[in-house]
Amino acid sequence: PTPAVRKLIENAAEHNAAADPTVRVTLDKRPDGAVIEIADNGPGIPAHELTVLERGREDVLDHGSGLGLWIVTMVVEEIDGSITYDTGDNGTTITLRFNQSPA
């Protein structure tokens, strides 16, 4: 997931127009896997972008503006992880959850 995490951090920094832009990355290792959170104080992800990601498809009238979040979501889901987006006017927190593979 390294390229996925890198892309999320780059997006958080690139799209953050706050007077004092901040991006925070945390890793929580748990017995059953790991949780990575990328949080920023930017303008939030537009609702139409999240709708497309949650629906899992685009169409002619309703589509995202780029491929970054779409690709990240696909990569995370491909390795049986999960991704959630908590976004608002005061920033976004993206949470990635990865289960530990059986030994």
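The following refers to the structure shown. (Residues numbered from 1 in each chain as written. Predicted model: local features only at pLDDT ≥ 70, side-chain atom pairs only at ≥ 80, totals over all residues. Heavy atoms only, no water.)

Re the overall build of the protein
The criterion, for reference: Only runs of H or I of at least four residues qualify as helices and only runs of E of at least two qualify as strands under DSSP, and these elements are numbered from the N terminus. Relative accessibility thresholds used throughout: buried, under 20% of the residue-type maximum; exposed, over 50%; partly exposed, between the two (1.4 Å probe, protein chains only). Two residues form a contact once any of their heavy atoms are found within 4.5 Å. Here the open area of atoms and residues is found with the Shrake-Rupley method and a 1.4 Å probe, where only the protein chains shown may cover a residue.
Within the protein, the secondary structure is distributed over 3 helices and 4 strands. Out of the 103 residues in the protein, the part that is buried amounts to 32%. Expressed as a percentage of contacts within the protein between residues at least 6 apart in sequence, the contacts between residues at least 24 apart total 51%. Of the roughly 6800 Å² of accessible surface on the protein, a fraction of 54% belongs to carbon and sulfur atoms.

Observations concerning the pattern of salt bridges
Quick reminder of the rule: The term salt bridge refers to a side-chain nitrogen of Lys or Arg lying within 4 Å of a carboxyl oxygen of Asp or Glu.
Taken as a whole and assessed by the stated rule, the structure comprises 1 salt bridge. When the shortest N-O distance is used, the salt bridge between Arg 30 and Asp 28 registers 2.9 Å. Residue classification places Arg 30 among the partly exposed positions, given a relative accessible area of 36%.

Overview of the side chain of Thr 92
By the secondary structure assignment, Thr 92 is in strand β4 (residues 91-99). Discounting residues that sit within four places of it in the chain, Thr 92 has contacts with Ile 38, Ala 39, Asp 40, Gly 44, Ile 45, Asp 86 and Thr 87.

Let's talk about helix α1 (residues 2-14)
Heads up, the rule is: How far a helix is expected to stretch is found by multiplying one less than its residue total by 1.5 Å. Each C-beta atom gives one direction from the helix axis, and the arc is the one those directions make.
In this model, α1 (13 residues) spans 18 Å end to end at C-alpha, consistent with the 18 Å of a helix rising 1.5 Å per residue. Of the residues making up α1, those classed as buried are Ala 4, Val 5, Leu 8, Asn 11 and Ala 12. Down the axis, α1 shows its buried residues gathered within 125° of arc, on one side only. In α1, the exposed positions that point more than 90 degrees away from the buried face belong to Thr 2, Pro 3 and Glu 14. Buried residues along α1 sit in contact with β1 (23-30), β2 (33-40), α3 (68-78), β3 (82-88) and β4.

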